[in-house]
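Next come the chains, spelled out residue by residue.
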Amino acid sequence: MPYTITVNGSRHEIDLPGDVPLLWVLRDQLGLTGTKYGCGVGACGACTVHLGGEAVRACQLALEDVDGPVTTIEGLGTPAAPAPIQQEWIRHQVAQCGYCQSGQIMQAAALLAENPAPDDAAIDAAMAGNLCRCGTYSRIRAAIHAAARRANGG
Amino acid sequence: MGRLAKYTRRAFLITSAAVAGGVAFGVYESWRVPPNPLRPGEGRAALNPWLIIARDGAVTIVTPRAEMGQGTQTTLAALVAEELDVAWEAIATIHGPPAEAYYNGAIMGLGQPFRDYDIRPWREKIREATDFLPKMLSLQVTGGSTSMIDGFAKMRLAGASARETLKLAAAKRLGVPAETLRTEAGRVIAPDGQALTYGTLAEEAAKLDPVRDVVLRPPAQWRYLRRPMPRLDMAAKCTGTATFGADVTLPGMKFATVRMNPARAGMKSFDAGAAEGMAGVEKIVDLGDGIAVIASNTWLAFRAAEAVEIEWEPPAYPGETDALEAEIAAALDAPANSHLRDEGNAARVLESPPEGAVAVEAEYRLPWLAHACMEPMNATAHLDDTGHLTIWSPNQAPVLARDKAAEATGISADDITLHTTFLGGGFGRRAEYDFTVLAARVAAAVPGVPVKVMWSREEDMAHDFYRPAAVARMRGLVQGEKAIALEARVAAPSVTRQSMQRISGFAPPGPDKGHVEGIADQPYAIANYSVYGHLADIALPVGFWRSVGNSFNGFFHESFIDELAHAAGADPLAFRLVHIRPEHAPSAQLLEKVGEMAGWEAAKRPGTGRGVAFTYSFGTPVAQVIEVGESPGGIRITRAFIAVDPGIALDPAIIEAQMESGLLFGLSAAVFGEITFAGGAAEQANFPDYEVLRIHNAPKIAVAILENNRGPGGSRIGGIGEPGTPPAAPALANALFDLTGKRPRRLPLMRDFDFFL
Ligand code: FES
Ligand code: FES
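Residues numbered from 1 in each chain as written. Chains lettered and ligands numbered in written order. Predicted model: local features only at pLDDT ≥ 70, side-chain atom pairs only at ≥ 80, totals over all residues. Heavy atoms only, no water.

Enquirer: Mind laying out the sheet that holds strand β4 (residues 59-63) of chain B, listing which residues take part and the relevant values?
Expert: Residue and element names in this part refer to chain B. Taken together, the four strands give an open sheet; going across it, the order is β2-β3-β4-β5, and neighbouring strands pair in mixed fashion. Two strands close off the open sheet at either side, each with one partner strand: β2 (44-48) and β5 (91-95). Within this sheet the neighbouring strands show an average axis-to-axis angle of 25 degrees, counted without direction. Across five bridges, β4 lies against β5 in parallel orientation. Of the residues in β5, the one forming a bridge with Val62 is Ile94. Across the sheet, helix α4 (residues 147-174) touches β2, β3 (51-54) and β4, and the angle it forms with β2 is around 120 degrees. (Pairing = 2+ DSSP bridges. Helix = DSSP H or I, 4+ residues; strand = E, 2+ residues; numbered from the N terminus. Axes fitted to C-alpha atoms, helices over the stretch in contact; angles between N-to-C directions. Contact = heavy atoms within 4.5 Å.)

Here it is as C-alpha cells:
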C-alpha cells in the first residue's frame, strides 16, 4: 500500500517499502535533489529538511514515519525568489562547493524560527551537526546573524 | 611521441607567457587559437573555445577548469569579461568538454626543478622544466592550484579576441573602420552613437577569422579583477538547484551502487542469492573485480549490495598499519631518490659541530588521510541505441576520465561524450578516473538504460587514493639565534609515480619533486641545508590530497624550525624572520604582517598558547598564527590569523574563502585525521570515525592579503586553493607546545591532546 506524504505543499503517493529513508524518496522518486546525501548515518547534516517545521535528518527518517508536512530547500525559495535566509547566504557568499549548503540553510532556518536572535553559543549548538568539508563556517555564522538582524528589523 | 611533443611545445609557450609576464599587460601577443570543440547550436555562436554568445546577448563562458568550491569559474569568467566588456549579470559559466583547447599549461610548471621564489633566470628554467617533467598525457586537469596561473593570460586573450572580432563584424556591417568603434556592456558603439548588441553580431563574428593581435588592458583599467565579484554559482548553491554529479536525473534512469574490494585487489567469487529477491533490485552486475546493484532507488541498491556475499582476493601490500609504517621507515635507510636541496655541507657540520652549537634531532610521523569530499564518489552514464556513451561526471580531469572509460568499455573515445557537473568537493580525489570508469562499465552492462552509480560513504572511504603516511628524520644545529645546519630525510610512497603509473603505465624515473615539495623549496637561508627524499614502494593506492607533498612536508619543516627556535632560545616568529628575510622579502613581510594581526609582540592572553608557521607552496607564501586555549571541555582552537601573498589578488573574497577553507582542511586532518588498515582495508568508514572540525570547534579566522610577491614584471600570480593547508598543522602543533610544553611529533593530535569536541 503506497504511503502518502506532503512535500513543499504537494501530496505524493509513494510506492516504496516503508523503511526507505525520506532522503532517498525525495531524491530518487520525487526528483528533489536539493537535499543531499553525505553520510547516511545522521553524522553530517547534508540531508536536513523540515518535518512539521522542525529540522530533521532525512537519511534517518523512514518513509513510514513521515507524520507531517515536509519542506525541502526547494520549498524555501528559488533563485528568482530566494527566502530571506537564502538572500543572506548569497549576500555573504557562503557556499564553496555548495554540497552541504542545503542542509546548512535548512538547519539555520529552523534555528531562526525557534530563536529569532541566536548568539554565537546558540548557533554553535544548533549548527554543530552540519559539517562543511570546505570550511565555510565563518560565513555561515555571519549570514545567520545577518538574517536574524533583518528579521528583527535591524 | 608526436602528441607528447606537441603538448610539450604548447605547454612551453603558455607557461612562459603566463609565468614570465611578457604577455601580461599592454603587450601585443600573436595568439594561436586552438581548434574550437564547441557546437553551440542554433542562435548561439562560439567565437572561440572559451565563450558562447546567444542572440539575446547572454554570454556563456566555457571554463577549462572544474568548479569544486574554489571559485574558479567565477574568476575565470571575470578574466574573460574584463576584456569582453559585458555586464556581470549577462554571464553564465559551463565546464568545457574534454578537448585539446582546454589543456592546463601551468600544471607542467609544478615539476620545475627550481624553487618558485627564486625567480632570476626565468626562461631558461622554464625550458628546463618542460623537458624535465614526466609528461602528463591528459593535461585538462584542475589541480596544483594552477587554474588562474594558466588562465590569467589565456582567458583575457579569449575575451579581448572576441571583442575585437565582434568589432570587426560591426565594422563590416556599418561600413566603417573597426578602429573607430568602441565597446561597452555587450554592445559595439559607432562614432555616431549607433549601437549594435553582441547578440546580433555574434553569428557573423563567428564566421570571421578570430582577431589575434590584441592588447590586454593594464590593471589600472580593470573593473572585474582585484575586487570581490559575486560568485556565479552562488544563487544555485543556496537554493538547491546546482547540479552536482549526484543530482543528474535522466528520463528512465536507474539507481545503482557498486561494491569493490576494500583491500584493493580482485574478487574471487560472489553469491547474490539473498540480494536478488530484495525490494527494488533490478539487476546484479558481475564486474569481475566487484559487483554493481541496479535498482529503482539508491538506498535499495545500497541495502542489496550489502547483502551480496563476496569473497575477495588478498591485497598486494602489507595489510596492517604497523607493517605499512615499518616499510616507510625502512625506506629512510635505503638510498635516497632525491637530494634537491644541498647547500653548504650539512653532513660534515652535523658530524663535527662548531664550538657552542646546540644539536637538535627529531623524528615525525604522519598518517594516511582520506579526502572525504562532502559528495561521495559517483557518476552517471548512458549507452544509447546507437552505441554512443554519454557520461556525467563530477571530475577534475575530463580527457583522462573519457579516455580511461573508452579503454575499459572498448568504446572509442570519439563515441563518448563527457559532461562535467559541479563537484561536491574535489581536493584531488576527483582527479582520479575510477568512479567515472565504473559508471561507464555499469552502463555498458545495461545498454539503453541511463544509470546513476552512487557510492555509499563507506565505499568512498574504503576506495580512496589516500594521502600517504610519511616519516621524517630531522637534524639541525643552532648557534646563537641562528640555524647553521638543517638536514631532512623524508620517506613516503610517491604520489607522482603511482599516479603516472595509473595514467600512462609508466612511472617516471629520476628525482620526485612532489615528494619533497614544502621542505626542499622553502625560502630559508641556512648555510648548511640538505634535503633527501626516500621513496617507499608500496602498492596501497595513494593520490593527490589538497597540497600533496606540502601537506606532510610543511608539518615536518615548520615543526622542526620551531624546535630549532626553542633550542636557540629565540622567539619562533623572530627566528623565522632572521632566516627568511635574506632569502625572500615578500615572505618576510607576510610574517611581519601575521605577527601584527595576532598581536604577537604583546603578552599572550592567560591560559592560551600561540604557534606560528610559514610555508611557500604553489607559488604562494602563507603565514599563519594559531591560538589555542584551555577550557573546561578541553583545548580549544580559539583564533587563527592568516597572511597570504598570491601576487596579484584576482578576487580578494574568493582568496579569503580559500584561505579559511585550506586552514580548516589542514586543522581537521591535524586534530582528527587518520586512516588505519586491517587486512588491507581502511578501518574508518564514515564521519563518526573520520571526524572533521565543525562550527563549534573551528577557530575565528582573520585573513590579510598582501600583493608584494608579484615578481620583476609585476604581473605574477600564485595558486590559492591549496597554499592555506600546509601551515595549519604545524601552526597548531607549535601552539600546543607553547600551551603545554609537550612537542607534538605525530598526528593526529587527538591521540596525545585533549581537545574540546
Ligand atoms: S546524510 Fe543524513 S546526516 Fe549525513
Ligand atoms: S560548501 Fe563544500 S561542503 Fe560545505
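Additional details are given in the paragraphs that follow.
Enquirer: Kindly report on helix α1 (residues 22-29) of chain A, identifying the contributing residues and their values.
Expert: Residue and element names in this part refer to chain A. In terms of burial, α1 is a largely internal element, seven of the eight residues being buried. Residues of α1 that are buried: Leu22, Leu23, Trp24, Val25, Leu26, Arg27 and Asp28. Gly31 lies just past α1 and shows a positive phi near 70 degrees. (Buried < 20%, exposed > 50% of the residue type's maximum accessible area, 1.4 Å probe, protein only.)

Enquirer: Help me get a handle on the domain arrangement of chain B, residues and values and all.
Expert: Residues and elements named next belong to chain B. For chain B, the domain assignment lists domain 1 (33-104 + 140-239), domain 2 (246-315 + 377-454) and domain 3 (332-369 + 466-751). Domain 1 puts 19 residues into the contact, and the matching count from domain 3 is 18 residues. Carbon and sulfur atoms make up 63% of the surface buried where domain 1 meets domain 3, a total of about 1,300 Å² over both sides. Its largest share of buried area at the contact with domain 3, domain 1 owes to Ser145, Phe152 and Arg226, together 40% of the area lost on that side. Summed over the shared surface of domain 1 and domain 3, the number is one salt bridge. With a closest N to O distance of 2.6 Å, Arg226 and Glu707 form a salt bridge. (Domains from an automatic or database assignment. Buried area = accessible area lost by both parts, 1.4 Å probe. Salt bridge = Lys/Arg side-chain N within 4 Å of Asp/Glu carboxyl O.)

Enquirer: Account for the pairing of strand β10 (residues 254-260) of chain B, with residues named and values stated.
Expert: Residues and elements named next belong to chain B. For β10, a buried count of five out of seven residues is recorded, marking the element as mostly surrounded by other parts of the structure. Across three bridges, β10 lies against strand β20 (residues 451-454) in parallel orientation. Looking across to β20, one finds that Lys254 is bridged to Val451. Pairing analysis gives six bridges linking β10 to strand β13 (residues 290-295), with the strands arranged antiparallel. Looking at β13, one finds that Val258 is bridged to Ala292.

Enquirer: So what's going on with the packing of helix α5 (residues 120-127) of chain A against helix α6 (residues 137-151) of chain A? Residues and values would help.
Expert: Residues and elements named next belong to chain A. The geometry of α5 relative to α6 is characterised by a closest axis approach of 11 Å and an angle of 115 degrees between their N-to-C directions. With respect to the hand of their crossing, α5 and α6 are arranged in right-handed fashion. Of the residues in α6, those touching α5 at Asp120, Ile123, Asp124 and Met127 are Ile140, Arg141, Ile144 and His145. Tallied by class, residues from the contact of α5 with α6 come to four nonpolar, one polar and three charged. (Left-handed = near helix turned anticlockwise from the far one by under 90°. Nonpolar A, V, L, I, M, F, W, Y, C, P; charged D, E, K, R; others polar.)

Enquirer: Just give me the short version of the interface of chain B and chain A, but keep the residues and values in it.
Expert: Of the residues lining the interface, 65 residues belong to chain B; the matching set on chain A comes to 55 residues. Linking chain B to chain A there are five salt bridges. Across the chain B-chain A interface, the total number found is 30 residue pairs in polar contact (both at pLDDT 80 or more). Among the elements of the structure, α6 (234-237), α8 (298-307), β20, α13 (457-462), α19 (652-672) and β29 (700-705) of chain B are those that each provide at least two residues to the side of chain B that touches chain A. Sort the elements by how many residues they give to the side of chain B that touches chain A and α19(B) lands first, with nine residues. Looking at the side of chain B that touches chain A residue by residue, the class counts come to 35 nonpolar, 17 polar and 13 charged. (Polar contact = N/O pair within 3.5 Å; in protein donor to acceptor, adjacent residues only side chain to side chain.)

Enquirer: Any chance you could break down the pattern of salt bridges for me, citing the residues and the numbers?
Expert: Residue and element names in this part refer to chain B. What the rule picks out here adds up to 58 salt bridges over all chains. A salt bridge links Glu83 to Arg163; its shortest N-O distance comes to 2.9 Å. With Glu83 in helix α2 (residues 72-84) and Arg163 in helix α4, the pair connects residues that are 80 residues apart, well separated along the chain. For the residue pair Glu83 and Arg163, the accessibility class agrees, reading buried in each case. Between Glu184 and Arg182 there is a salt bridge, and its shortest N-O distance comes to 3.0 Å. Residue class for Glu184 comes out partly exposed when judged on its relative accessible area of 37%. Several salt bridges share partner residues, and in doing so they unite Glu558, Asp562, Glu563, Arg576, Arg743 and Arg745 into one network.

Enquirer: I'd like to hear about the sheet that holds strand β24 (residues 608-617) of chain B, residue by residue, with values.
Expert: All names here are of chain B. Strands sit in the order β24-β25-β26-β29 across an open sheet of four strands; the sheet is mixed. Edge positions in the open sheet fall to β24 and β29, since each of these has one partner strand only. If you compare each strand with its neighbour and ignore which way they point, the axes differ by 15 degrees on average. The pairing of β24 with strand β25 (residues 620-629) spans 10 bridges and is antiparallel. Bridged to Ala613 within β25 is Gln624. Sheet strands touched by helix α20 (residues 728-740): β24, β25 and β26 (636-644). Its angle to β24, the strand with the most contacts, is close to 155 degrees.

Enquirer: Any details on the domain arrangement of chain A? Residues and values, ideally.
Expert: Residue and element names in this part refer to chain A. Domains assigned within chain A are domain 1 (3-76) and domain 2 (84-151). Between the C-alpha centres of domain 1 and domain 2 the distance comes to 20 Å. Each partner contributes residues to the interface: domain 1 has 17 residues there, and domain 2 has 13 residues. Carbon and sulfur atoms make up 58% of the area that domain 1 and domain 2 hide from each other, which totals about 1,300 Å². Here domain 1 is connected to domain 2 by zero salt bridges. Scanning the region where domain 1 abuts domain 2 turns up seven residue pairs in polar contact (both at pLDDT 80 or more).

Enquirer: Mind laying out unusual backbone geometry, listing which residues take part and the relevant values?
Expert: All names here are of chain B. Backbone torsion omega between Leu747 and Pro748 reads 0 degrees, so that peptide bond is classified as cis. Position of Pro748 among the secondary structure elements: in the segment after α20. One non-glycine residue, Asp85, adopts positive backbone phi at about 65 degrees. Within the element layout of this structure, Asp85 appears in the loop between α2 and β5. The phi dihedral of Phe618 falls on the positive side, at around 55 degrees, and the residue is not glycine. By the element assignment, Phe618 lies in the loop between β24 and β25. With relative accessibility at 11%, the residue Phe618 sits in the buried group.

Enquirer: Residue-level account of the packing of aromatic side chains, with values.
Expert: All names here are of chain B. Evaluation of the coordinates by the stated rule reveals 16 aromatic pairs over all chains. In this structure, Arg489 is placed above the aromatic ring of Tyr532, and the distance from its NZ or CZ to the ring centre is 3.9 Å. For the cation-ring pair, Arg636 lies above Phe756, with the distance from its terminal atom to the ring centre recorded as 3.6 Å. (Phe/Tyr/Trp six-rings, centres within 6.5 Å; stacked < 30°, edge-to-face > 60°. Lys NZ or Arg CZ within 6 Å of the ring centre and 35° of its normal.)

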